Amino acid sequence: MATSPAKAVPLVEPAWKPDTLPPFPAVALKALNLMAGTDTSLLELCNLIRPDPAFSSAVLKIANSPLVVFSKSITSVLQASMLLGFQRLKSVVITVGLKAYLKDPFSPLLQSCWRHSVACAIIAERAAHWSGFDKDFAYTAGIMHDIGRVALAAAMPQSYAHVVETGADQPHDLLQTEGQVCGIDHCQAGRALVTAWNLPEAFLEVTSSHHDPVPSTWSPASVLRLSCLLADAIGFGVVQFRATRSCADILTEFPERARSRFYADGKQLATEIYNEIKVIESV
Ligand SMILES: [Fe+2]
Ligand SMILES: [Fe+2]
């Protein structure tokens, strides 16, 4: 069934332009560009966080939360950094960065965009880990993959609300509706932002191609594309799709070693993700 064209909406919002948008938080942008794996990088990241009160308090709250095993009265960003390690600290900074980007105001629409991104990141991290891929990149890719949608929803809230209301048959059809209503789709918007923010090239593919068909060979790209679909299927979607796939059906595309670790009905997975999201939302 073809997607019906979106109803015309009166032009009440200025056209979307990347250079008129608020920038992604500087600490999170720097974290996205930092190379991993050395003591210098951990200290560098720690030094970026310390002067920023919002990031410092978020990192401290997460280090003292039930999400971190063995945490006990962590009182300084340096202590938190040592406890979390570079990769985890980087994930926290980027997740908090996305939340800070959306904060003003954190409307139900933006909250659903944010929850979708975090759910996708958590699923992608697990799937990558169980497949022998880089789980930290998978998590970051999950957080950043829909940054174009987040930016469209933040910059053109009425237009994007109309996109959500119109719905789509499948995720890929959503791009067409976005183009009709907003003048640009979220994959094009994401690509433009990655370029404007000088992010590493890998994020061009992550933001612009995640609704392309799932590759036939299992790869980090398959992990991201299926994690996005799975996040929708277990209740972390933004748009209602008329031809939505079930969790069990999506899991058939995962290799056995990853599929068997997920739960076919998705309920337990959704609960675990929801609990994690609530902790991050509270910081
Ligand atoms: Fe998307
Ligand atoms: Fe997505």
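Predicted, not measured: the structure shown is a model, and the values here were computed from it.

Q: Would you mind showing me how to read the side chain of Asp 185 here?
A: Looking at the element boundaries, Asp 185 is found in the loop between helix H9 (171-182) and helix H10 (186-196). In this structure, Asp 185 is buried with no salt-bridge partner, the nearest side chain bearing the opposite charge being Arg 191 at 10.0 Å. A polar side-chain atom of Asp 185 sits 2.9 Å from the main-chain amide nitrogen of Cys 187. The residues contacting Asp 185, other than those within four sequence positions of it, are Leu 152, Leu 175, Glu 178 and Gly 179.

Q: I'm lost on the coordination of the iron ion (ligand 1) in this one. Help?
A: Around a metal, the idealised angle for a tetrahedral arrangement of four donor atoms is 109.5 degrees; for an octahedral arrangement of six donor atoms it is 90 or 180 degrees. Around the iron ion (ligand 1), the protein supplies Asp 146 (OD), His 186 (NE2), His 210 (NE2) and His 211 (NE2) as donor atoms, at distances of 2.0 to 2.2 Å. Here the iron ion (ligand 1) is ringed by 4 donor atoms whose angles at the metal span 86 to 180°, and the overall shape comes out irregular. Look at where the donors of the iron ion (ligand 1) fall in the sequence and you get D-x39-H-x23-H-H. Here the iron ion (ligand 1) and the iron ion (ligand 2) are spaced 3.7 Å apart, linked through Asp 146, which binds each one. With a gap of 40 residues between them, Asp 146 in the loop between helix H6 (135-144) and helix H7 (147-155) and His 186 in helix H10 connect regions that are remote in the sequence. With a relative accessible area of 1%, Asp 146 lands in the buried category.

Q: Please clarify how the nonpolar core should be interpreted in this entry.
A: Most often, soluble globular proteins have nonpolar side chains that are buried together. Counting 96 residues, the largest nonpolar core has Phe 24 and Phe 254 as its most contacted members. Looking at this core element by element, the count peaks at 14 residues for helix H5 (residues 108-131). In this structure, Phe 254 is in contact with Ala 127, Trp 218, Leu 226, Leu 230, Arg 259 and Phe 262, ignoring residues within four places of it in sequence.

Q: Would you take a moment to explain the pattern of salt bridges for this structure?
A: Two side chains with opposite charge may pair up if their charged atoms get near one another. For the coordinates displayed, the defined rule picks out 10 salt bridges. A salt bridge links Glu 281 to Arg 115; the nearest nitrogen and oxygen atoms lie 2.8 Å apart. Of this pair, Glu 281 sits in helix H15 (residues 267-281) while Arg 115 sits in helix H5, and the two are 166 residues apart along the sequence. Neither Glu 281 nor Arg 115 differs from the other in exposure class; each is buried. Across the pair Asp 146 and Arg 149 runs a salt bridge whose closest N-O atoms are separated by 3.1 Å. Among the charged side chains, a salt-bridge network with shared partners connects Arg 115, Lys 278 and Glu 281.

Q: Where do I start with the packing of aromatic side chains in this structure?
A: The relation between two aromatic rings is expressed through the spacing of the ring centres and the mutual angle of the planes. This structure, assessed with the given rule, holds 7 aromatic pairs. On the numbers, 5.7 Å between centres and 40° between planes, the contact of Phe 137 with Phe 203 is tilted. Remark: Phe 203 occurs in helix H11 (residues 202-208) and Phe 137 occurs in helix H6; sequence separation between them is 66 residues. Taking the centre distance of 5.5 Å and the plane angle of 70° together, the rings of Phe 254 and Phe 262 count as edge-to-face. Members of the aromatic cluster, joined through ring pairs, are Trp 130, Trp 218, Phe 254 and Phe 262.

Q: Hey, could you run me through the coordination of the iron ion (ligand 2) in this one?
A: Within the first shell, the iron ion (ligand 2) binds the protein through His 116 (NE2), His 145 (NE2), Asp 146 (OD) and Cys 228 (SG), at distances of 2.2 to 2.3 Å. Classification of the site at the iron ion (ligand 2) rests on its 4 donor atoms, whose angles at the metal span 82 to 161°, yielding the label irregular. Sequence positions of the residues that donate to the iron ion (ligand 2) give the spacing H-x28-H-D-x81-C.

Q: Before we go on, may I ask you to explain the confidence of the model for the chain in this structure?
A: Any residue range with low pLDDT should be treated as having predicted coordinates unsuitable for detailed reading. Mean pLDDT over the chain works out to 87, with 93% of the residues at or above the 70 mark. Mean pLDDT values for the elements of the chain range from 83 in helix H2 (residues 39-49) up to 96 in helix H12 (residues 220-233).

Q: Can you walk me through the environment of His 162 in this structure?
A: Its place among the elements puts His 162 in helix H8 (residues 157-166). For the pair His 162 and Glu 44, spaced 118 residues apart in the sequence, the C-alpha separation amounts to 43 Å.

Q: Is there a simple way to explain unusual backbone geometry in this structure?
A: For residues other than glycine, phi is negative in most cases, and the peptide bonds are mostly trans. Even without being glycine, Asn 198 reaches a positive phi, approximately 55°. Residue placement: Asn 198 occurs in the loop between H10 and H11.

Conventions and cut-offs
- Residues numbered from 1 in each chain as written.
- Chains lettered and ligands numbered in written order.
- Predicted model: local features only at pLDDT ≥ 70, side-chain atom pairs only at ≥ 80, totals over all residues.
- Heavy atoms only, no water.
- Helix = DSSP H or I, 4+ residues; strand = E, 2+ residues; numbered from the N terminus.
- Buried < 20%, exposed > 50% of the residue type's maximum accessible area, 1.4 Å probe, protein only.
- Lys, Arg positive; Asp, Glu negative; His and termini not counted.
- Salt bridge = Lys/Arg side-chain N within 4 Å of Asp/Glu carboxyl O.
- Polar contact = N/O pair within 3.5 Å; in protein donor to acceptor, adjacent residues only side chain to side chain.
- Contact = heavy atoms within 4.5 Å.
- Donors = N, O, S within 2.8 Å, 3.2 Å for Na, K, Ca; no water.
- Tetrahedral: all angles 85-135°; square planar, octahedral: opposite > 155°, others 65-115°.
- Core = buried A, V, L, I, M, F, W, Y, C linked by side-chain atoms within 4.5 Å.
- Phe/Tyr/Trp six-rings, centres within 6.5 Å; stacked < 30°, edge-to-face > 60°.
- pLDDT = per-residue confidence, 0-100.

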